[in-house]
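Close look at the chain arrangement
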Amino acid sequence: MAVDCTIEIKKKDITSEALKKFYKNLEKHSVTVGIHKAEGSKQIGNNGYTLIQNAIKQEFGGTQTAEKTRRFKSPFTGKWFYIKKGTELNIPPRIFIRIFNDNKRKKELTETFKNQINIYLKSNDYNSVYEGVGLWAKYEQQQKILDSSIKPKNAPMTVEYKGSNTPLYLTGSTFSAIKHEVH
């Protein structure tokens, strides 16, 4: 889900052709932040499951039903687990990518965009505006994983499997996959 950031420019704000060109270049470009195709297509585990499939499951939540009885050992804690065929596993949504959907966060994004424009206006460097916004948004998404604000916490079995109660963080692959791209 894309979040648009709009800055209104009034005629009196544009005083030269250079400013008009700068703002026109801003309109032609954009930045995306999240897990992009290159990182998302990486396989995690040995069953063909990709990082983006896992990120989507974590972001939006979902339910899985064990198709067969499974017994497995955690490579992180060494504990053994048993899940009976037909067991329903619920994965709650844990929003870490769509964090700019509320008004407070939209205002922060808009302010960051305005600040970057002010920094790079004189040098006419529209690309750096988007680089700055992208880096900031990437940091905010990653910080959401690290700051313990993601709710709900892990299920007891997940805590035993991982050896921790930090949602969305096990090997760091999802965290590291969050990137920004200027288009």
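Residues numbered from 1 in each chain as written. Predicted model: local features only at pLDDT ≥ 70, side-chain atom pairs only at ≥ 80, totals over all residues. Heavy atoms only, no water.

Each helix and strand in the protein chain was counted, giving seven helices and six strands. Secondary structure elements of the protein chain occur, N-terminal to C-terminal, as α-β-α-α-β-β-β-β-α-α-α-α-β. C-alpha extents for the protein chain along the principal axes are approximately 70 × 30 × 25 Å. Buried residues in the protein chain amount to 31% of all 183 residues. When contacts within the protein chain are restricted to residue pairs at least 6 apart in sequence, those whose partners lie at least 24 apart make up 65%. Put simply, the protein chain shows about 11,900 Å² of open surface, and 51% of that area lies on carbon and sulfur atoms. When the 31 positive and 18 negative side-chain charges of the protein chain are each reduced to one mean point, those points stand 7 Å apart. (Helix = DSSP H or I, 4+ residues; strand = E, 2+ residues; numbered from the N terminus. Buried < 20%, exposed > 50% of the residue type's maximum accessible area, 1.4 Å probe, protein only. Contact = heavy atoms within 4.5 Å. Areas by Shrake-Rupley, 256 points an atom, 1.4 Å probe, with all protein chains shown as cover. Lys, Arg positive; Asp, Glu negative; His and termini not counted. Charge placed at Lys NZ, Arg CZ, Asp CG, Glu CD.)

Look at helix 5 (residues 126-146): 31 Å from first C-alpha to last across 21 residues, which is about the 30 Å you get at 1.5 Å a residue. All of the buried residues in helix 5 are S128, V129, Y130, G132, V133, G134, W136, A137, E140, Q141, Q142 and I145. Of the residues one or two after helix 5, S148 is the one with positive phi, at around 65°. (Expected span 1.5 Å × (residues − 1).)

The subject of this paragraph is the pattern of salt bridges. Here the structure, examined in full by the defined rule, presents six salt bridges. Between E59 and R98 there is a salt bridge, with its nearest N and O atoms 2.8 Å apart. Placement of E59 in helix 3 (residues 51-60) and of R98 in the loop between strand 5 (88-91) and helix 4 (103-120) is noted, with a sequence separation of 39 residues between them. Residue E59 is classed as buried on the basis of its relative accessible area of 3%. Note that R105 and E140 form a salt bridge whose closest N and O atoms lie 2.9 Å from each other. Of this pair, R105 sits in helix 4 while E140 sits in helix 5, and the two are 35 residues apart along the sequence. The two residues R105 and E140 agree in class, both being buried. (Salt bridge = Lys/Arg side-chain N within 4 Å of Asp/Glu carboxyl O.)

Right, let's talk about the packing of aromatic side chains for a bit. The tally for this structure, following the rule as stated, stands at eight aromatic pairs. Judged by centre distance (5.7 Å) and plane angle (35°), the ring pair of F113 and Y130 falls under tilted. Within this pair, whereas F113 is found in helix 4, its partner Y130 is found in helix 5, the two being separated by 17 residues in sequence. Given a relative accessible area of 9%, F113 falls into the buried group. (Phe/Tyr/Trp six-rings, centres within 6.5 Å; stacked < 30°, edge-to-face > 60°.)

Further remarks concern unusual backbone geometry. A cis amide bond, omega -5°, links K151 with the succeeding residue P152. Within the secondary structure layout, P152 lies in the loop between helix 5 and helix 6 (156-162). Notably, N124 is not glycine yet its phi reads approximately 60°, a positive angle.

Secondary-structure assignment places R94 in the loop between strand 5 and helix 4. Buried within the structure, R94 lacks any salt-bridge partner; E59 is the closest side chain of opposite charge, at an N-O distance of 10 Å. For R94, the side chain forms a polar contact with the main-chain oxygen of P152, separated by 2.8 Å. A distance of 2.9 Å separates the side chain of R94 from the backbone oxygen of K153, its partner in a polar contact. If we ignore the near neighbours within four places in the chain, the residues touching R94 are Q58, E59, I150, K151, P152, K153, N154, P167 and L168. (Polar contact = N/O pair within 3.5 Å; in protein donor to acceptor, adjacent residues only side chain to side chain.)

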